[in-house]
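# Close look at the chain arrangement
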Amino acid sequence: MKIDTTIVDAYLDSEDISRFSSMWLYTGRIEDGVGSIFHAPPAAEAKCEVVSRIKEEIITHASTFVPCNVPIWEALTENWRGFLEEATMDLVVGLPEPHDASVRQAPDGKHHIIFDLLCWEKYLDLMPLSDISQNFLTHELFHVMVGKKFPDIECLEMQGGYIDQLDAITFNEGFAHLVSYNGQEINTVSWDGEKLTDIYDASVFKMKDALRENSPEKQKQYVYEASFGNYYDKYAAMCGLIYLGRQWQSGGILRLKELFDQGYCGFAARSAGLSPHRGTHNNRS
């Protein structure tokens, strides 16, 4: 894995990193659409010490990283080991919460995993950083792999039509959460257990409301809440995750491959047990 530490090193050297603020990796959803989400980080020495520690632990873990659920990777992508070797991870500061881990497409078309190390500070007293890194790397690298197969999916998530956005988010987040869920192998998760059933039922209820919504303002809020907020409140991600987990229970990895190859068109509706509307958009891959 290639690791770019240009921005975090500049921060640790007490340089003014605002010169990076217009870079593509600081692009995200803002109130009026898409724009720069750069936030100048604090220059306190204590923060620099924390960032330096996190940086070293992530680099150490990345050197021996193997994703969770390797059999799913092997079924859905060719030469996943070569894919990981070519992947690029950017270690940065200057992104706001909740952008601790994300994927962005660079101007050259390549997808990068971006870790904001100040956003990782909240994890220091909760669990080993290697566990966080394992989960995030599995999750974000899978997003990169999805982006390679469906080159337009990130653009649709950010700027597509409303139903396109819900489909792309539910598909992309559903699969990425599936392979990384709690750092567990898929066969160790109780997909029909009480906890996930309650979460799925609530997520499906909200997804159905979202798919019926016609107000542009409310649609913006539904798109945001689809993949932002408290983990189990991200209704589209949870719909996709639990739907796929249950599909795996009934049809195994071959069923997951079938769903992956079908692509994202109509996936939001399917994840909620609805029949997708035909002719609303094209599914290009």
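Heads up: the structure comes first, above all this text.
Below you will find a few notes about this structure. (Residues numbered from 1 in each chain as written. Predicted model: local features only at pLDDT ≥ 70, side-chain atom pairs only at ≥ 80, totals over all residues. Heavy atoms only, no water.)

## With respect to the overall build of the chain
Each helix and strand counted, the chain has eleven helices and six strands in total. Rg of the C-alpha trace for the chain: 19 Å, near the compact-globule value of 19 Å for 285 residues, within the 12% margin. For the chain, buried positions account for 54% of its 285 residues. Of the contacts made within the chain by residues no fewer than 6 positions apart, 70% connect residues no fewer than 24 positions apart. Taking the 25 positively charged and 42 negatively charged side chains of the chain as two groups, their mean positions are separated by 6 Å. (Helix = DSSP H or I, 4+ residues; strand = E, 2+ residues; numbered from the N terminus. Rg over C-alpha atoms; globule rule 2.2 N^0.38 Å. Buried < 20%, exposed > 50% of the residue type's maximum accessible area, 1.4 Å probe, protein only. Contact = heavy atoms within 4.5 Å. Lys, Arg positive; Asp, Glu negative; His and termini not counted. Charge placed at Lys NZ, Arg CZ, Asp CG, Glu CD.)

## A word on the packing of aromatic side chains
Geometry of an aromatic ring pair is reported as the spacing of the ring centres plus the angle between the planes. This structure, assessed with the given rule, holds 25 aromatic pairs. Ring plane angle 55° and centroid distance 6.3 Å describe the contact between phenylalanine 115 and phenylalanine 136, whose orientation is recorded as tilted. Residue phenylalanine 115 is located in strand 6 (residues 111-116), and its partner phenylalanine 136 is located in helix 5 (residues 129-149); the two are separated by 21 residues in the primary sequence. When the centroid spacing of 5.3 Å and the interplanar angle of 85° are considered together, the rings of phenylalanine 171 and phenylalanine 267 count as edge-to-face. On the criterion of sequence distance, the pair formed by phenylalanine 171 in helix 7 (residues 162-180) and phenylalanine 267 in helix 11 (residues 267-271) is long-range, its members being 96 residues apart. Among the aromatic residues, those joined into a ring-pair cluster are Trp73, Phe83, Phe142, Phe150, Phe171, Phe175, Tyr243, Phe260, Tyr264 and Phe267. (Phe/Tyr/Trp six-rings, centres within 6.5 Å; stacked < 30°, edge-to-face > 60°.)

## Structural notes on the pairing of strand 6
Counted residue by residue, strand 6 has six buried out of six residues, so it is predominantly covered. In strand 6, alternate side chains face the same way, and those of His111, Ile113 and Phe115 on one face and His112, Ile114 and Asp116 on the other are all buried. Sheet topology places strand 4 (residues 88-92) next to strand 6; five bridges connect them, and they run parallel. What sits directly across from threonine 88, in strand 6, is histidine 112. Where strand 5 (residues 101-105) meets strand 6, five bridges bridge the pair, whose relative direction is antiparallel. Paired with serine 102 across the two strands is isoleucine 114, which belongs to strand 6. From the end of strand 5 to the start of strand 6, which pair antiparallel, there are five residues, and glycine 109 there has a positive phi angle of about 95°. (Pairing = 2+ DSSP bridges.)

## As for the packing of helix 7 against helix 8 (residues 194-212)
Between helix 7 and helix 8, whose axes approach to 10 Å, the crossing angle comes to 155°. As summarised for this structure, helix 7 and helix 8 are arranged roughly antiparallel, according to the angle between their axes. In contact with Tyr162, Ile163, Leu166 and Thr170 of helix 7, helix 8 contributes Met207, Ala210 and Leu211. Of the residues belonging to the contact of helix 7 with helix 8, the class tally is six nonpolar, one polar and no charged. (Axes fitted to C-alpha atoms, helices over the stretch in contact; angles between N-to-C directions. Parallel < 35°, antiparallel > 145°, perpendicular 65-115°, else oblique. Nonpolar A, V, L, I, M, F, W, Y, C, P; charged D, E, K, R; others polar.)

## As for the packing of helix 9 (residues 216-227) against helix 10 (residues 235-262)
In the contact formed by helix 9 and helix 10, the axes pass within 5 Å of each other and the chain directions differ by 50°. The orientation of helix 9 with respect to helix 10, classified from their angle, is oblique. In this structure, helix 9 uses Tyr222, Val223, Glu225 and Ala226 to contact helix 10, whose residues at the interface are Tyr235, Ala236 and Ala237. Looking at the contact of helix 9 with helix 10 residue by residue, the class counts come to six nonpolar, no polar and one charged.

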